[in-house]
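Spelled out from the first residue to the last, the chains are:
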Amino acid sequence: YHGVTGLPMRPLSGNPRPSPTAGLTLIEVLLAIVIASLVISLVFSMYHAATRTVESQQQRRVGADATAAVMDRAARELACAFGQGDDEKCRFLLASRNAPEGKTAELSFATVLPAPGAEDLRWSSIARIAYRVITDEHGDRWLTREFQPLAGPGADLPPETNLLVRGVAAFNVMVFDGSEWVAEWPVPDMPICPEAARMELVVQEGSGPRTFQTETMIPTGTTIPSTLERATSEAP
């Protein structure tokens with residue numbers, strides 16, 4: 001039949017055709033969220049593990065560099081050591097100290113300390129330096145450096161002690177008396193200072209013990225005969 005406008009009209013259908021584009025179901029959405037959460041957690045765990053590894057390596061490297069710097073400074077101070085037999089503060093002393101963890105060395109000496117950046121020795125200062133191992137209230141073993149000026153205003157003040165290296169497993173010092181290496185000084189009938197010194201520091205790290213060593217010559221302990229003495233000794 002025809003409508004009012006004269007155009008044919010389609011009869012109404014009882015079952016409309018469904019839309020070809022259907023949405024996601026609730027189960028599919030939840031599954032996608034769970035998968036995304038797992039991926040994010042895995043990425044975060046990998047990032048956290050990598051960050052911890054890098055930080056641990058940096059800490060070990062910094063700790064090793066700091067310990068090596070401590071040994072280098074001790075070697076420089078030993079190279080400038082001097083002695084004076086009648087002055088207790090200027091004597092070179094090396095002894096072994098007994099502790100529950102084992103024997104450790106105790107080293108003290110007088111030395112000349114050049115001023116930072118100064119080339120003129122007139123700007124140098126003299127001080128007494130002591131290296132020893134102590135155990136703190138937490139049970140950690142430290143290598144310490146005791147410093148006391150021998151001239152100037154600080155000479156009348158108590159010595160200043162600094163904690164240098166933590167986790168010390170062993171601290172050994174040997175000195176050369178001209179014929180052999182010994183672990184005690186002074187030695188009877190020997191010069192005031194030894195000719196050379198060896199230091200060994202063993203530090204306990206996370207990966208295990210690590211050893212630092214240094215050896216230095218002590219010029220004030222080396223006896224150099226004069227030209228006249230050498231000529232006399234070589235004469236027939």
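See above for the structure.
Residues numbered from 1 in each chain as written. Predicted model: local features only at pLDDT ≥ 70, side-chain atom pairs only at ≥ 80, totals over all residues. Heavy atoms only, no water.

(A) Highlighting a nonpolar patch on the surface. Among the surface-exposed residues, Leu26, Val29, Leu30 and Ile33 lie close enough to one another that they form a single nonpolar patch of about 380 Å² accessible area. With respect to the helices and strands, Leu30 occurs in helix H1 (residues 26-79). According to the relative accessible area criterion, Leu30 is partly exposed, its value standing at 46%. (Patch = residues over 30% accessible without salt bridge, like charges linked within 9 Å, V, L, I, M, F, W, Y side chains within 5 Å. Areas by Shrake-Rupley, 256 points an atom, 1.4 Å probe, with all protein chains shown as cover. Salt bridge = Lys/Arg side-chain N within 4 Å of Asp/Glu carboxyl O. Helix = DSSP H or I, 4+ residues; strand = E, 2+ residues; numbered from the N terminus. Buried < 20%, exposed > 50% of the residue type's maximum accessible area, 1.4 Å probe, protein only.)

(B) Seen up close, the pattern of salt bridges. Tallied over the full model, the rule gives five salt bridges. Between Glu88 and Arg91 there is a salt bridge, and its shortest N-O distance comes to 3.1 Å. Between Glu146 and Arg132 there is a salt bridge; the shortest N-O distance is 3.0 Å. With Glu146 in strand S5 (residues 141-149) and Arg132 in strand S4 (residues 125-135), the pair connects residues that are 14 residues apart, well separated along the chain. For Arg132, a relative accessible area of 18% puts it in the buried group. One connected set of salt bridges, linked through shared partners, spans Glu106, Arg132 and Glu146.

(C) Region of the structure containing the environment of Gln204. Relative to the elements of secondary structure, Gln204 occurs in strand S9 (residues 196-205). Sequence separation of Gln204 and Arg141 is 63 residues, and the distance between their C-alpha atoms is 9.9 Å. Dropping the residues within four chain positions of it, Gln204 is found in contact with Gly167 and Pro209. (Contact = heavy atoms within 4.5 Å.)

(D) Focus on the nonpolar core. The biggest cluster of nonpolar side chains holds 29 residues, and the ones touching the most others in it are Phe92, Phe109, Leu143, Phe171 and Leu201. Of all the secondary structure elements, the ones that give two or more residues to this core are H1, strand S3 (104-113), S4, strand S7 (168-176) and S9. Top element by residues in this core is H1. It accounts for five residues. When residues no more than four places from it in sequence are discounted, the contact partners of Phe171 are Thr104, Ala105, Tyr131, Val133, Leu143, Met199, Glu200 and Leu201. (Core = buried A, V, L, I, M, F, W, Y, C linked by side-chain atoms within 4.5 Å.)

(E) The sheet that holds S7, seen in detail. Pairing is antiparallel in the open sheet, where four strands are placed in the order S8-S7-S9-S10. Bordering the open sheet on either side are strand S8 (181-182) and strand S10 (208-217), each of which pairs with just one other strand. Sheet topology places S7 next to S8; two bridges connect them, and they run antiparallel. Its bridge partner lying in S8, Phe176 is registered against Trp181. (Pairing = 2+ DSSP bridges.)

(F) Local environment of the packing of aromatic side chains. Tallying each qualifying case throughout the model produces two aromatic pairs. Considering the side-chain rings of Phe92 and Phe109, the 5.9 Å spacing of their centres and the 25° angle between planes classify their relative orientation as stacked. In this pair, Phe92 sits in the loop between strand S1 (81-82) and strand S2 (93-97) while Phe109 sits in strand S3, placing the two residues 17 residues apart along the sequence. On the accessibility criterion, Phe109 (0% relative accessible area) is buried. Measuring from centroid to centroid gives 5.2 Å for Phe176 and Trp181, while their planes differ by 45°, and the two rings are tilted. Relative accessible area serves as the criterion here: at 26%, Trp181 is assigned to the partly exposed category. The ring of Trp181 carries Arg198 above its face, with NZ or CZ at 3.9 Å from the centroid. (Phe/Tyr/Trp six-rings, centres within 6.5 Å; stacked < 30°, edge-to-face > 60°. Lys NZ or Arg CZ within 6 Å of the ring centre and 35° of its normal.)

(G) Geometry of the side chain of Asp177. Checked against the element boundaries, Asp177 lands in the loop between S7 and S8. Arg198 provides the closest opposite charge to the buried, unpaired Asp177, separated from it by 11 Å. Within the local environment of Asp177, its side chain forms a polar contact with the backbone nitrogen of Glu180, the two atoms lying 2.9 Å apart. Those residues within four positions of Asp177 in sequence are excluded, and the remaining contacts are Val182, Trp185, Met190 and Glu195. (Lys, Arg positive; Asp, Glu negative; His and termini not counted. Polar contact = N/O pair within 3.5 Å; in protein donor to acceptor, adjacent residues only side chain to side chain.)

(H) Layout of the pairing of S4. Both S3 and S4 contribute to a ladder of seven bridges, which runs antiparallel. Bridged to Ala110 within S4 is Arg128. Bridging between S4 and S5 involves nine bridges; their strand directions are antiparallel. The partner of Val133 across the bridge, within S5, is Leu143. The hairpin formed by S4 and S5 contains five residues between the paired strands, and Gly139 there has a positive phi angle of roughly 90°.

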